[in-house]
Amino acid sequence: VRLQAPGGGLVQPGGYVRLSCAASGSISRMYGMGWYRQAPGKQRELVASITSSGLTNYVASVKGRFTISRDNAKNTVYLQMNSLKAEDTAVYYCNADVRTSLGSTSGYWGQGTQVTVSS
């Protein structure tokens, strides 16, 4: 199973960006999916998560600005990031709990994508 997350880049304060993360491989079922971020010198933190039924959860600092969603048919999770601030600068990682066609369930990580908020 592989998670690929293109996107990110340099964004001005107040701007927006949409991240996507697509899972591929021998997938039987996708469970919870989420986005984490890690800023320089800080620990990785959970930014937003979404269950297989669409229930969402956000860290307080992004509530009202970020929206997580998923397309189960495409095994893809999205993170719409609006009203970006400098403190949102980080490497963003997607994560997904996946049951493979062999029957095992594990957590998988994307490769990380840099989002830099700066003028």
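Here, the structure is the one placed above.
Residues numbered from 1 in each chain as written. Predicted model: local features only at pLDDT ≥ 70, side-chain atom pairs only at ≥ 80, totals over all residues. Heavy atoms only, no water.

A. Just the nonpolar core, in detail. Ranked by size, the top nonpolar core spans 29 residues in total, and within it Trp35, Phe66, Ile68, Val77, Leu79, Met81 and Tyr92 carry the most contacts. Counting only elements with at least two residues in this core, the list comes to β3 (17-24), β4 (27-38), β5 (45-50), β7 (66-71), β8 (76-81), β9 (90-100) and β11 (113-117). Sorting elements by how many residues they give to this core places β9 first, with five residues. (Core = buried A, V, L, I, M, F, W, Y, C linked by side-chain atoms within 4.5 Å. Buried < 20%, exposed > 50% of the residue type's maximum accessible area, 1.4 Å probe, protein only. Helix = DSSP H or I, 4+ residues; strand = E, 2+ residues; numbered from the N terminus.)

B. View of the sheet that holds β8. In spatial order, the strands read β1-β3-β8-β7; together these four strands make up an open sheet with antiparallel pairing. Pairing within the sheet leaves two strands with one partner each, and these edge strands are β1 (2-4) and β7. Put simply, the sheet's adjacent strands are angled 15° from each other on average, direction ignored. Pairing between β7 and β8: six bridges, direction antiparallel. (Pairing = 2+ DSSP bridges. Axes fitted to C-alpha atoms, helices over the stretch in contact; angles between N-to-C directions.)

C. Looking closely at the state of the cysteines. Inspection of every chain in the model, using the stated rule, returns one disulfide. Covalently, Cys21 is tied to Cys94 through a disulfide, its sulfur atoms 2.0 Å apart. Disulfide Cys21-Cys94: torsion about the S-S bond near 50°, hence right-handed. Of this pair, Cys21 sits in strand β3 while Cys94 sits in strand β9, placing them 73 residues apart in sequence. (Disulfide = S-S within 2.5 Å.)

D. Up close: unusual backbone geometry. Here the phi dihedral of Asn75 falls at roughly 50°; this positive angle occurs in a residue that is not glycine. Structurally, Asn75 is set in the loop between β7 and β8. Residue Ser83 is not a glycine yet carries a positive backbone phi of 50°. With respect to the helices and strands, the residue Ser83 is situated in the loop between β8 and β9.

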